[in-house]
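# Architecture at a glance
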Amino acid sequence: MNVHVMPEYKLSSVAPLKPYSSEKKDVELILVKEHNGVQYTNSTVAGARGLGHTSPNGELDGRETWGKKLDFLLSVVGFAVDLANVWRFPYLCYKNGGGAFLIPYTMFLFIAGMPLFYMELALGQYNREGAATVWKICPIFKGVGYTVIIIALYVGFYYNVIIAWSLYYLFSSFTSDLPWQHCNNTWNSDGCTDPKLINGSSFRDSGSSYAKYNRTPAAEFYAREVLRFHESQGIHDLGEPRWQLVICLVVVVIILYFSLWKGVKSSGKVVYITATMPYIVLFVLLIRGITLPGAMTGIREYLNFDLNKLRNPQVWIEAATQIFYSLGAGFGVLIAFASYNKFENNCYRDAILTSTINCVTSFFSGFAIFSVLGYMAHEHGVNITDVATEGPGLVFIIYPEAISTLPGSTFFAIFFFIMLLTLGIDSSMGGMEAVITGLTDDFKILKRTCSCFPIWQLSYLAGHCISFFLCSHSDLSLSQGGIYVFTLLDTYAAGTSILFGVLVEAVGVSWFYGVDRFSEDIERMMGFKPGLYWRLCWKFVSPVFLLVTSIVTTHELKYDDYIFPQWAKVAGWGIAMSSMVFVPLYAIYKFFTLPGNLKQVSFKYKNAETAVLLEFLNTVFITQCLFYSNIYL
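Residues numbered from 1 in each chain as written. Predicted model: local features only at pLDDT ≥ 70, side-chain atom pairs only at ≥ 80, totals over all residues. Heavy atoms only, no water.

Within an unreviewed UniProt entry, the label attached to the chain reads Transporter, and the organism entered is Astyanax mexicanus. Comment text from UniProt for the chain, heading Sequence similarities (unreviewed entry), reads "Belongs to the sodium:neurotransmitter symporter (SNF) (TC 2.A.22) family." Per its UniProt entry, the chain bears the Subcellular location (unreviewed entry) comment "Cell membrane". (UniProt positions renumbered as here; feature names shortened; annotations may be inferred.)

Okay, here's the thing in structure tokens:
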């Protein structure tokens, strides 16, 4: 590898490595050049693989590793396959041309989704660091590491609230008569209507749909019993926290604590349940769903191939955003998970396998969802359009209502909400692991203290779990008006900011660190370089994809017919900017603390193109802020 001239060199001879396979070299000399946190490695042994020493307990260079390869794969699949695979993709597919939607979806998977997925796994595995310290390869970009850690924190604050809702529904399902089955409960309004008395004519006259009708027992259970947002007038009137939801959140935090208390050694075993259970439940629900009247109609609507929809640019935008958010790049989780792999692990194969499983799961879940939606449409004499919806309305209103009409409804309800619980738990575990790994790798005192005093490791993890609980509780997402706070965080916490963060990450790796150098790193791990296709995607296609997506994607702040006040939009942008601002601030800090002018400092990292790209990224940052501020404010 070519290295630039630096003032100082540190030459170290590494002791002969004990062979951990018959094919590995016994001796390797490593030339390490360190300057301002940048580290390069050159091997004098041709074809060197497996830099570092594998200890008997499976740890590499003192770093914890996964107990088994399957632990890592299930952890990645469990993180990537989350609630959105069930409550968003099937509806998007149906709305945007059915089977035709798979054309742009698959295209974006191959040109952007998989390359970014592969890049993060390789980045974490080679450097064996969390989201912040992985940028020792190019310290000026360390700010993006802090950005993704902050975003992971924000997402955890409100994502755990969804898991708490699922747990509340699960507890409520342990009864012979499901509480959302009829209108004779204390929380029901005088206008509550038995679904059997509702027909399609009333919706056609009003121009509404069954999915938006808020007077069914299921809709009132969600709105008036679980959330009770009818007691709030808006985000300015949040009311008191729901103590039942607070208890559910405490249980969720306790589950997360004991899942992570021994690091990847414990979380790698938990995912054997949390990552596989959704597939078992989906299969059971699909088998039951296809036996219902109207199921085939729902599935035909789901797969209806309408190529004319592809003429609408919005279809392509939604395919791009769905593939990006579905794979979970940019949250620091993939980097953290991969950092615990063995050095010679084939992360290329892992990236292809796990990203494919994620997308196939999304498609497969659509059959379980639309078979039941077809049944709902058949029962009420309406079209699929009238019952099809996405988000919480699907999994907390429409689907539970359909389940309540089936024989053995209690069993299917318990099964369904266990699926939602496990989908949420392993995704939340991934987010917490990204934060914990990122901070302990960056602040070495935490790692040293936890290593010397195991009780400190448990205390540190407990502190994280408690902070997740307190922030989820203190942001009042569990209050009577908490749904408005939830919507605010869901819109701004990981919207524009995550797209911006991944864009900077892609540019940092491909243009500043360099695709060629990155490819050499991968060759050291696996013995082969990425092909031309991957290098082109990393350097050109993926950054352009992220730039265009971040510009054309709008995140409208709304909840049903409620109009958020102007100050709420300003607060939302404050949340988004609070994570994004780490990128320029840390870059400015580096420029002021390093000797030389902008051009000289740029040359230290790569070459003359760096100065141009720095100006480009700064322009992108300012343009995005002005563009979205004009839309939202």
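Let us look at the overall build of the chain. In terms of helices and strands, the chain carries 26 helices and three strands. Split into buried and exposed, the 633 residues of the chain put 60% on the buried side. If you sum the accessible surface of the chain, you get close to 25,300 Å²; carbon and sulfur atoms cover 63% of it. (Helix = DSSP H or I, 4+ residues; strand = E, 2+ residues; numbered from the N terminus. Buried < 20%, exposed > 50% of the residue type's maximum accessible area, 1.4 Å probe, protein only. Areas by Shrake-Rupley, 256 points an atom, 1.4 Å probe, with all protein chains shown as cover.)

What is expected of a backbone is that most residues other than glycine have negative phi and most peptide bonds are trans. Phi at Arg128 is positive, roughly 55°, even though this residue is not glycine. Inspection of the secondary structure puts Arg128 in the loop between α4 (102-127) and α5 (142-172). Residue class for Arg128 comes out buried when judged on its relative accessible area of 8%.

Residues of helix α11 (residues 295-303) that are buried include every one of Ala295, Gly298, Ile299 and Tyr302, and no others. Relative to the axis of α11, the buried residues are bounded by an arc of 95° and lie together on one face. Where the residues of α11 are buried, they touch α3 (89-95), α10 (277-289), α14 (347-380) and α15 (384-387). (Arc of directions from axis to C-beta. Contact = heavy atoms within 4.5 Å.)

Here we take up the packing of aromatic side chains. By the definition in use, this model includes 55 aromatic pairs. A centroid spacing of 5.6 Å and a plane angle of 50° characterise the contact between Tyr126 and Phe343, whose relative ring orientation is tilted. Within this pair, whereas Tyr126 is found in helix α4, its partner Phe343 is found in the loop between α13 (333-338) and α14, the two being separated by 217 residues in sequence. Grouping residues by exposure puts Tyr126 and Phe343 together as buried. Measuring from centroid to centroid gives 6.4 Å for Tyr168 and Phe221, while their planes differ by 35°, and the two rings are tilted. With Tyr168 in helix α5 and Phe221 in helix α7 (residues 217-227), this residue pair connects regions lying 53 residues apart in the sequence. A relative accessible area of 2% places Phe221 in the buried class. One Lys or Arg, Arg63, reaches over the ring of Tyr340 and ends 4.6 Å from the middle of that ring. Positioned over the ring face of Trp511 is Lys539, at 4.7 Å from the centre of the ring. (Phe/Tyr/Trp six-rings, centres within 6.5 Å; stacked < 30°, edge-to-face > 60°. Lys NZ or Arg CZ within 6 Å of the ring centre and 35° of its normal.)

Let's shift gears to the environment of Val382. Looking at the secondary structure, you find Val382 in the loop between α14 and α15. Sequence separation between Val382 and Ser209 is 173 residues; the distance between their C-alpha atoms is 8.9 Å.

The subject of this paragraph is the state of the cysteines. Taken as a whole and assessed by the stated rule, the structure comprises one disulfide. Each sulfur in the disulfide pair Cys183 and Cys192 lies 2.1 Å from the other. In this structure, the disulfide formed by Cys183 and Cys192 twists by about -70° around the S-S bond and is classed as left-handed. Assessed through its relative accessible area of 26%, Cys183 is described here as partly exposed. (Disulfide = S-S within 2.5 Å.)

Take the UniProt feature "binding site: Na(+)" (unreviewed entry) in the chain next. According to UniProt, the positions carrying the feature "binding site: Na(+)" (unreviewed entry) are Gly78, Ala80, Val81, Asn85, Ser326, Asn358, Leu423, Asp426 and Ser427. These residues run over 350 residues, yet every pair of their C-alpha atoms falls within 14.2 Å of each other. In this structure Asn85 touches Ala80, Pro90, Ser326, Asn358, Ser362 and Ser365, once residues within four positions along its chain are discounted. Within the structure, the side chain of Asn85 is placed 3.1 Å from the side chain of Asn358, a separation counted as a polar contact. Residue contacts for Leu423: discarding those within four places in its chain leaves Val81, Asp82, Leu83, Val86, Tyr159 and Pro278. (Polar contact = N/O pair within 3.5 Å; in protein donor to acceptor, adjacent residues only side chain to side chain.)

Helix α22 (residues 532-552) packs onto helix α12 (residues 313-327) with a crossing angle of 115° between their chain directions and a minimal axis gap of 10 Å. Regarding the angle of α12 to α22, the classification is roughly perpendicular. Helix-helix and strand crossings are classified by hand; for α12 and α22 the assignment is left-handed. Note on element contacts: α22 touches α12 through Phe545, Leu546, Thr549 and Val552, opposite Ile317, Ala320, Thr321, Ile323 and Phe324. (Axes fitted to C-alpha atoms, helices over the stretch in contact; angles between N-to-C directions. Parallel < 35°, antiparallel > 145°, perpendicular 65-115°, else oblique. Left-handed = near helix turned anticlockwise from the far one by under 90°.)

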